[in-house]
Amino acid sequence: MNQHAPIRIGHSACPHDCPSTCALDVEVVDGKIGRLHGAKENSYTAGVICAKVARYAERIHHPERLLKPLVRAGAKGEGKWKEASWDAALDLIAEKFEAAEAKHGSESVWPYYYAGTMGLVQRDGIHRLRHAKKYSGFFDTICTNLAWTGWVMGAGALTGVDPREMAKSDCVVIWGTNAVVTQVNVMTHAVRARKERGAKIVVIDVYDNATMKQADLALILKPGTDGALACAVMHVLFRDGFADRAYLEKYTDDPKGLEAHLVAKTPEWAASITGLSIAEIETLARLVGETKRTFFRLGYGFTRSRNGAANMHAALSIPAVTGAWQYEGGGAFHSNSDIFKLDKTELEGRRFLDPKIRHLDQSRIGPILTSDPSALNGGPPVTAMLIQNTNPANVAPEQRLVKQGFLRDDLFTAVHEHFMTDTAMLADVVIPATMFLEHDDIYRGGGQSHIVLGPKVVDAPEGPKTNHFVIEELAKRLGVAGLPGFGLTERQHIDKMLEKRGLGTFETFSEERWSDMQLDFEKAHFLSGFGHSGGKFRFKPDWIATVSPNKPPKSIGLQGNWAGLPAFPDHVELIESADPAHPFRMATSPARSFLNSSFTEMPTSRKKEGRPELMLHPDDAGALGITDGDRIEIGNERGEVVLNAKLFDGVKRGVVIAEGIWPNGSHERGEGINVLTGSDAAAPYGGAAFHDTKVWLRPAPPAGPPATSLG
Ligand SMILES: Nc1nc2c(c(=O)[nH]1)N[C@H]1C(S)=C(S)[C@@H](COP(=O)(O)OP(=O)(O)OC[C@H]3O[C@@H](n4cnc5c(=O)[nH]c(N)nc54)[C@H](O)[C@@H]3O)O[C@H]1N2
Ligand SMILES: Nc1nc2c(c(=O)[nH]1)N[C@H]1C(S)=C(S)[C@@H](COP(=O)(O)OP(=O)(O)OC[C@H]3O[C@@H](n4cnc5c(=O)[nH]c(N)nc54)[C@H](O)[C@@H]3O)O[C@H]1N2
Ligand code: SF4
Ligand SMILES: [Mo]
């Protein structure tokens, strides 16, 4: 980069799958990207972004970036490719989709996508093609299902207190989110409360992570036991006179029933389940009881268990008992996803949606691709796929099944990517994608309240094309390009969504950069009632009838597995409990310098993360004859993986933590951590329990001949 060339500042939004959706200032020098900064004038971003995105230059100008369409030239997964023109690659994909449809019907094609980009146009346009062609539906369960469902069961809407209000709290409870790592902006506002008001910060997690280092009260519990903690806290609140009975009477469904139910949920009871001491539980209860302005910032991590929806509902019930919702800086927040209301009907081609077409569960891709009849939902095998913005061969549970599926000879897979990911390695065709600074899009922040515009900042290199281009070009080849909703540019789609919402146009938004959609105080605090009919917070969830954004479409067949879900907040043993053959429980918590599998290609990120490791308690290691750095084999019925032991006393005995989703090829046998995680659909309607896995550990046998590495 020429040091004397003038620096231009472009504006954008971070497209990655992170609740923060930071507004960005982007340095551009000589048409190349320099440092990225958080927009200071955005009241949520407040000038702060994470380090991995600040060094985006390393990702966008990466020497291994995909620049040419590639067609498989050897066996699947062998890594032999020949270059192709865009026309040839798109013709081939269209031809294979037509052939699949001719043989097994349109449902044998399964467009598969996720939130590698959160831009609405580039991410969600794939549905336009899906619906127009009656391809199999996509039930997106992998991330938000358990968390959102649990929240909505209680509050009735996926909204909550303005996250900036944390700065006005006297106590911030950061529960099951490693915010320092996964959404750093939470800390900006929480730490402001401590600096300006002497607020206490509480962190509840399964290990002593980076966020816990910031805590005044640090609680390390066993995975999947948060419901027990929440119940004991509420037991103490009722017992010691901290329950706000007037609030309970006015705003909740059955406070007397709850109080009676909680009589047996003592701190002793919860201590035996959570591994916390009675004193720790009493301290938390007293703190949130005495501190009316307590802000519960509830994350995703503690819901990635088979009882995760119930645990979210239980934690969310606490502020309804204290009445914290009534106070500025008090109440709870998880996601604002319900406030934006941008109309995607046209973008997603919803008018073509045929309710008879089957849906397939994203998280069950392993059983689906290996043609497990229960996962195929009564339909034909999947024989053709287009994959955008996601890397299921690495991130999806039950990885051995996923890979076995991708290796099927009768499956055609096209992957649209930035890099040769584990999934791209298994494809038949790989096409190169633009990055967010090279295309137009619009974003909404689930973890905050802004809609942020992301206009194109620089030209893409020769080769990569947008997701939008690929969908439109396939539509032409598949005979649906004449249908309404096709043939528009990205900007036209953005204009339509903004205009319908009364927010102007792409043009006017380019000046404003973002729009703050925050609900007013009364609505955000549910002071005019919660989202359910009747307006009450529900301590007694209606797991079946409640309308929830995660409820599966009827055609998925999976109509709810509520067996075992509790009538009132509770601890339920739906988790993969340890047993004599599997004495440990594993959580796969996020790594700071990766974002799921993204950024694993960046040299700085890899250097910072070191190597795939398993954190375990020194006493557990001692009992197994394992010392720090030893190779250790970890397994269950689904498979085995070798990691290096990292002795660590910030975790309960019997609990182990594997941080980060390393590329499969970074592991000794070419298989990643998701070999061990389960793809069974968690109650009530599915979702992946990534932090809920029983395992055995043993010193690893000597490394054999190198396994076939897939990445
Ligand atoms: N650096 C980085 N940032 C990320 C990501 C990343 O991988 N890396 N991922 C992005 C994505 S897709 C998402 S959805 C968000 C998710 O962000 P978060 O809401 O933070 O959720 P998780 O990353 O799943 O886990 C958060 C914490 O939950 C803890 N945890 C696991 N099980 C339990 C439990 O039973 N109880 C409690 N109390 N805690 C538990 C984990 O140890 C971890 O510290 O982050 C996004 N941001
Ligand atoms: N063990 C374990 N597994 C997990 C989790 C966990 O905590 N533990 N977390 C889970 C969660 S919460 C999630 S959300 C999933 C996420 O998993 P994924 O959806 O696979 O997310 P990423 O790994 O970030 O991969 C996104 C891919 O999209 C590509 N991409 C980005 N932008 C674009 C674009 O504009 N166009 C195209 N065509 N491609 C693009 C990136 O290069 C990247 O390879 O992983 C899940 N897997
Ligand atoms: S904190 Fe999240 S939204 Fe902000 S720059 Fe980093 S990854 Fe993007
Ligand atoms: Mo996620």
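Residues numbered from 1 in each chain as written. Chains lettered and ligands numbered in written order. Predicted model: local features only at pLDDT ≥ 70, side-chain atom pairs only at ≥ 80, totals over all residues. Heavy atoms only, no water.

Asks: Just checking my understanding: could you explain the pattern of salt bridges for this structure?
Replies: When their charged atoms lie close together, side chains carrying opposite charge are able to pair. In the structure shown here, the tally under the stated rule is 53 salt bridges. Linked through salt bridges whose partners overlap, the residues forming this network are R306, E576, R585, R638, D680 and D692. (Salt bridge = Lys/Arg side-chain N within 4 Å of Asp/Glu carboxyl O.)

Asks: Looking at this model, I keep getting lost on the site of ligand 2. Mind explaining?
Replies: Not every one of the 30 residues close to ligand 2 is listed here, only the nearest: N391, E417, S597, S598 and N674. At a separation of 2.9 Å, a nitrogen atom of ligand 2 approaches a polar side-chain atom of N467. Starting from 930 Å² of accessible surface for ligand 2 in isolation, the protein chains cover 96%. Counted by class, the shell around ligand 2 contains 9 nonpolar, 17 polar and 4 charged residues. Shared between two domains, the shell around ligand 2 takes at least three residues from each, and those domains are domain 2 (70–142 + 342–489) and domain 4 (584–699). (Near = heavy atom within 4 Å. Polar contact = N/O pair within 3.5 Å; in protein donor to acceptor, adjacent residues only side chain to side chain. Areas by Shrake-Rupley, 256 points an atom, 1.4 Å probe, with all protein chains shown as cover. Nonpolar A, V, L, I, M, F, W, Y, C, P; charged D, E, K, R; others polar. Domains from an automatic or database assignment.)

Asks: Looking at this structure, I do not really get the site of ligand 3. What am I missing?
Replies: Lining the immediate surroundings of ligand 3 are C14, C18, S20, T21, C22, I49, C50, K52, V53, V184, N185 and L595. In the shell around ligand 3, the residues fall into 8 nonpolar, 3 polar and 1 charged.

Asks: How do you make sense of the confidence of the model for the chain when you look at a structure like this?
Replies: Detailed reading of the predicted coordinates is not advisable wherever pLDDT falls low. Looking at the chain as a whole, the pLDDT averages 96, with 98% of positions reaching at least 70. Note that pLDDT drops below 50 for residues 706–711; the model gives that stretch 15 contacts with residues more than four away or on any other chain. (pLDDT = per-residue confidence, 0-100. Contact = heavy atoms within 4.5 Å.)

Asks: So what exactly am I meant to see when it comes to the domain arrangement of the chain here?
Replies: When the parts come together, some accessible area is lost, and that loss is often what is quoted as the size of the interface. For the chain, the assigned domains read domain 1 (8–60), domain 2 (70–142 + 342–489), domain 3 (145–337 + 524–534) and domain 4 (584–699). For domain 1 versus domain 2, the separation of C-alpha centres amounts to 27 Å. Facing the 26 residues of domain 1 at the interface are 24 residues of domain 2. A buried area of about 1900 Å², summed over both sides, lies between domain 1 and domain 2, and 64% of it is on carbon and sulfur atoms. Linking domain 1 with domain 2 are 6 residue pairs in polar contact (both at pLDDT 80 or more), by the criterion used here. Sorting the residues of the side of domain 1 that touches domain 2 by element identifies β1 (7–13), β2 (23–29), β3 (32–38) and α2 (57–60) as the ones contributing at least two each. Broken down by class, the residue content of the side of domain 1 that touches domain 2 amounts to 13 nonpolar, 10 polar and 3 charged. (Buried area = accessible area lost by both parts, 1.4 Å probe. Helix = DSSP H or I, 4+ residues; strand = E, 2+ residues; numbered from the N terminus.)

Asks: Mind showing me how you'd approach helix α18 (residues 399–406) here?
Replies: What sets the pattern is the α-helix's 3.6 residues per turn: residues three or four places apart point alike. Taken as a whole, α18 has its buried residues at Q399, V402, K403, G405 and F406. Angular distribution of buried residues about the axis of α18 spans 160°; they occupy a single face of the element. At its buried positions, α18 is contacted by α15 (365–369), β14 (384–388), α17 (392–395), β15 (412–417) and α19 (422–425). (Buried < 20%, exposed > 50% of the residue type's maximum accessible area, 1.4 Å probe, protein only. Arc of directions from axis to C-beta.)

Asks: What is the right way to look at the packing of helix α9 (residues 226–239) against helix α14 (residues 308–322) in this model?
Replies: The axes of two packed helices give the description: the angle between them and the distance between them. At a minimum axis distance of 8 Å, the contact between α9 and α14 shows a crossing angle of 15°. Relative to α14, α9 is oriented roughly parallel. The way α9 lies across α14 gives a crossing that is left-handed. When α9 is examined against α14, the residues D226, G227, A230, V233, M234, L237 and F238 are found in contact with a partner set consisting of N311, A314, A315, S317, I318, V321 and T322. Among the residues forming the contact of α9 with α14, the class breakdown is 9 nonpolar, 4 polar and 1 charged. (Axes fitted to C-alpha atoms, helices over the stretch in contact; angles between N-to-C directions. Parallel < 35°, antiparallel > 145°, perpendicular 65-115°, else oblique. Left-handed = near helix turned anticlockwise from the far one by under 90°.)

Asks: What's the story with the sheet that holds β1 in this structure? I'm lost.
Replies: Strand pairing in a sheet relies on backbone hydrogen bonds, with the paired strands running either antiparallel or parallel. Strand order in the open sheet formed by 3 strands is β1-β2-β3, and the pairing between neighbours is antiparallel. Bordering the open sheet on either side are β1 and β3, each of which pairs with just one other strand. Mean inter-strand twist for the sheet, computed between neighbouring axes without regard to direction, equals 30°. Pairing of β1 with β2 involves 7 bridges; the strand directions are antiparallel. In the sheet register, G10 faces β2, and the bridge partner there is V26. (Pairing = 2+ DSSP bridges.)

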